[in-house]
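Here is how the chains run, residue by residue.
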Amino acid sequence: MVRRMAFCTLLMLLGFLLHAQITNYAGTGLVRTGVTFSPSIMLFHPDIHYYINGQSDFFFEDNISLRADLFFMNYQQNNELNLKHNSLLLTGPAFHYSYGKWDSWISIQPGLELIKMNTFDTAHFKSTAEPVLALSAGVNFYFSKYFHFFINGNINHSNYNGGESGVNMDEARILAGLGFHIHYHKFAYWENHLPDFQNK
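These figures come from a predicted structure and were not determined experimentally.

Asks: Explanation requested: the nonpolar core in the structure shown.
Replies: Within soluble globular proteins, side chains that are nonpolar tend to cluster in buried spots. Formed by 16 residues in total, the largest nonpolar core has its most connected members in Met117 and Met169. Of all the elements, strand 4 (residues 83-99) adds the most residues to this core, at 3 residues. When residues no more than four places from it in sequence are discounted, the contact partners of Met169 are Met42, Leu81, Leu83, Asn86, Glu113, Ile115, Met117, Asn156, Ser158, Asn159 and Tyr160.

Structure below.
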């Protein structure tokens, strides 16, 4: 019994030491970006949309980045809503948990959605700008000095209010692709040399 406890304790200690020796790749000063093709499904309509997505992160803390996503719709199927154009700009903080070259994250992103639609109660298409809120999460894997793989998804909530009755525009989408990144060392230097006002 004592031997088993000692063995388990040794394994736990070894795991802790190995974890402590791992240097996380993602951290303060990292800038990453990516462009990919993103399919989506509407949650309350049969419409399927396909977007071109551009995304970026700027790490101003080891575990926090400012994230931005741009979606531009370029194709659709089952156009029940008579939608002609849809694009979104999302931005907000992303909270990261990194382990070596792996980086997982979650973000709440408010933004703006540009919608052009004919709801059949008007004689022409009408464009509106609507607020949107998205919950996003994903994983990045940094396999080289400048490139990484990413996979993430989001669910966004918005409404089109350009017609006589509102239309729910909630969507879920998934994204994956190859990204580019650099470490902005000047920012990291500035971050590490800020005056420590708390100890004064």
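Asks: Help me out: how do you make sense of the pattern of salt bridges in this one?
Replies: Side-chain pairs of opposite charge can arise where the charged atoms are in close proximity. All told, the structure shown has 4 salt bridges when counted by the stated rule. Residue Asp57 pairs with Arg67 through a salt bridge whose shortest N-O separation is 2.7 Å. Of this pair, Asp57 sits in strand 2 (residues 48-61) while Arg67 sits in strand 3 (residues 64-77), placing them 10 residues apart in sequence. The pair formed by Asp57 and Arg67 is uniform in burial state, with each residue classed as buried. The partner of Asp69 in a salt bridge is Arg67, with the nearest N and O atoms 2.8 Å apart. Through salt bridges with shared partners, one network takes in Arg32, Asp57, Arg67 and Asp69.

Asks: Please clarify how the sheet that holds strand 5 (residues 102-117) should be interpreted in this entry.
Replies: Working definition: the strands of a sheet are paired by backbone hydrogen bonds and lie parallel or antiparallel to each other. The strand order around the closed barrel built from 8 strands is 1-2-3-4-5-6-7-10, with neighbouring strands paired in antiparallel fashion. When strand polarity is set aside, the average angle formed by the axes of neighbouring strands in this sheet is 25°. Pairing of strand 3 with strand 4 involves 9 bridges; the strand directions are antiparallel. The residue of strand 4 that forms the bridge with Ala68 is Thr91.

Asks: It is not clear to me how a nonpolar patch on the surface should be interpreted in this structure. Could you clarify?
Replies: A surface patch of nonpolar side chains, amounting to about 630 Å² of accessible area, comprises Phe143, Tyr146, Phe147, Phe149, Leu178, Phe180 and Ile182. Residue contributions to the nonpolar patch peak at 3 residues, all from strand 10 (residues 171-183). Position of Phe147 among the secondary structure elements: in strand 7 (residues 147-157). Owing to a relative accessible area of 39%, Phe147 belongs among the partly exposed residues under this scheme.

Asks: Would you mind going over the pairing of strand 5 with me for this structure?
Replies: Two faces make up the sheet, and in a regular strand the side chains alternate between them. Note that strand 4 and strand 5 share 13 bridges and pair antiparallel. Note that in strand 5 the partner of Ser98 across the bridge is Asp103. The hairpin formed by strand 4 and strand 5 contains 2 residues between the paired strands, and Gly100 there has a positive phi angle of roughly 65°. Here strand 5 pairs with strand 6 (residues 126-142) via 16 bridges, running antiparallel. Residue pairing for strand 6: Glu113 is matched across the bridge by Glu130.

Asks: Looking at this structure, I do not really get the packing of aromatic side chains. What am I missing?
Replies: Here a ring pair, both rings aromatic, is described through the centre-centre distance and the interplanar angle of the planes. As enumerated under the stated definition, the model contains 8 aromatic pairs in all. Residues Phe37 and Tyr50 carry aromatic rings whose centres are separated by 5.8 Å and whose planes lie at 10° to one another, so their mutual orientation is stacked. Here Tyr50 lies in strand 2 and Phe37 lies in strand 1 (residues 30-42), a separation of 13 residues in the sequence. Residue class for Phe37 comes out partly exposed when judged on its relative accessible area of 46%. In this structure Tyr50 comes out as buried when scored by relative accessible area, which is 19%. Put simply, the rings of Phe37, Tyr50 and Tyr75 pair up and form one aromatic cluster. Directly above the aromatic system of Tyr51 lies the positively charged group of Arg173, at a separation of 4.8 Å from the ring centroid.

Reading the values: rules and limits
Residues numbered from 1 in each chain as written. Predicted model: local features only at pLDDT ≥ 70, side-chain atom pairs only at ≥ 80, totals over all residues. Heavy atoms only, no water. Core = buried A, V, L, I, M, F, W, Y, C linked by side-chain atoms within 4.5 Å. Buried < 20%, exposed > 50% of the residue type's maximum accessible area, 1.4 Å probe, protein only. Helix = DSSP H or I, 4+ residues; strand = E, 2+ residues; numbered from the N terminus. Contact = heavy atoms within 4.5 Å. Salt bridge = Lys/Arg side-chain N within 4 Å of Asp/Glu carboxyl O. Pairing = 2+ DSSP bridges. Axes fitted to C-alpha atoms, helices over the stretch in contact; angles between N-to-C directions. Patch = residues over 30% accessible without salt bridge, like charges linked within 9 Å, V, L, I, M, F, W, Y side chains within 5 Å. Areas by Shrake-Rupley, 256 points an atom, 1.4 Å probe, with all protein chains shown as cover. Phe/Tyr/Trp six-rings, centres within 6.5 Å; stacked < 30°, edge-to-face > 60°. Lys NZ or Arg CZ within 6 Å of the ring centre and 35° of its normal.

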